[in-house]
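Coordinate inspection notes
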Amino acid sequence: MRITETSTQLKIESDYHPDLPKRARNLAGNWNGEHWIFDIRDKDRVEKMYRTIYGYFGDLESVTTVNVQLIASNDCSESRRGIFFAGRCIATASGRDSGARLGEGVIIENGEAMSGGSMKNWITRITEDAIIEIKDVPLSKVQQAIKKGNRKWAEIKIISEPDFNIFELEKERELIMARLVEIDEILAAHAEPTAPGI
């Protein structure tokens, strides 16, 4: 993901995701053929949108990532689009006879990703015996997928130790410390008065 800021605009280049175009247009985003362009004043909203879809905003190295294995138990297919997991493209076809192209950092250890369907209604398909490894997936997106249980066609396994980012941990610690200060202030303001001599 590449982000360029000017005094008036935010230009973002990222991998394709089917959820992005509609959400970007809802934030008055414009596609120029290479980038999505937003009003710089909407940066906070834009960042939230990208983090929701991709699990990060800007540099992937700024978040904690893991390697994931998907063990299929059923066929998975999508009509006229690719197959995605945790913000990442697993495989995508472009027509009935195009075959399927794997996403970046994706390995199929067993089974197959393929195209199919008809000329008009082509599909991207992953076979039921597939074992897929996806490298460097944001941990937050994997945890969401596991919690939602929305991958009924495959079991999700984290197969690497989290690659923790020191910057991310320091930022999280700052937020926790700030919240603790807020809690202490609230408790102090609502504390029962102490009687004299006690």
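Anyway, here's the lowdown on the structure attached to this text. Going along each chain's sequence as written, the residues are numbered from 1 onward. Per-residue local features are limited, in this predicted model, to residues with pLDDT of at least 70; the limit for side-chain atom pairs, both in listing and counting, is 80 or more; totals at the level of whole chains, interfaces and linings are taken over all residues. Side-chain numbers come from the whole structure's heavy atoms, not from hydrogens or water.

1. Describing the overall build of the protein
Numbering goes from the N terminus for both helices and strands, where a helix is a DSSP run of H or I of at least four residues and a strand is a run of E of at least two. For the protein, the helix and strand inventory stands at four helices and 14 strands. For 198 residues, the compact-globule formula gives about 16 Å, and the C-alpha radius of gyration of the protein, at 22 Å, lies well above that figure. Summarising its shape, the C-alpha atoms of the protein cover approximately 85 × 45 × 25 Å along the three principal directions. A buried classification covers 35% of the 198 residues belonging to the protein. Two residues form a contact once any of their heavy atoms are found within 4.5 Å. Summarising the internal contacts of the protein: among those between residues at least 6 apart in sequence, 64% fall at separations of at least 24. Carbon and sulfur atoms make up 49% of the accessible area of the protein, which amounts to about 12700 Å² in all. Taken over C-alpha atoms, the radius of gyration is set against a globule rule of 2.2 Å times the number of residues to the power 0.38. When a residue's accessible area, from a 1.4 Å probe over protein chains only, is under 20% of the maximum for its type it is buried; when over 50% it is exposed; and in between it is partly exposed. Per-residue and other accessible areas follow the Shrake-Rupley method at a 1.4 Å probe size, with only the shown protein chains counted as cover for residues.

2. Here we look at the pairing of strand 5 (residues 65-72)
Where burial is concerned, most of strand 5 is hidden: seven out of the eight residues are buried. Both strand 5 and strand 14 (residues 154-158) contribute to a ladder of five bridges, which runs antiparallel. Opposite Gln69, over in strand 14, you have Lys157 as the bridge partner. Two strands form a pair only when DSSP identifies at least two bridges running between them.

3. Comments concerning unusual backbone geometry
The backbone of Ala28 sits at a positive phi, close to 65°, despite the residue not being glycine. Within the secondary structure, Ala28 sits in the loop between helix 1 (20-26) and strand 3 (30-31). When its relative accessible area of 55% is taken as the criterion, Ala28 is described as exposed.

4. A short note on the pairing of strand 11 (residues 113-117)
Strand 11 sits mainly inside the fold: four of its five residues count as buried. Of the strand pairs in this sheet, strand 11 and strand 12 (residues 122-126) are connected by five bridges, and their pairing is antiparallel. Within strand 12, the residue paired with Gly116 across the bridge is Ile123. Hairpin connection between strand 11 and strand 12: a loop of four residues separates the two successive antiparallel strands.

5. Remarks on the sheet that holds strand 10 (residues 106-110)
Taken in spatial order, the four strands make up an open sheet running 10-13-5-14, and their pairing is antiparallel. Every interior strand has two partners, whereas the edge strands, strand 10 and strand 14, have only one. On average, adjacent strands in this sheet sit at an angle of 25° to one another, irrespective of strand direction. Only the stretch in contact is used when fitting a helix axis, every axis being a line fitted to C-alpha atoms; angles between N-to-C directions are given from 0 to 180 degrees.

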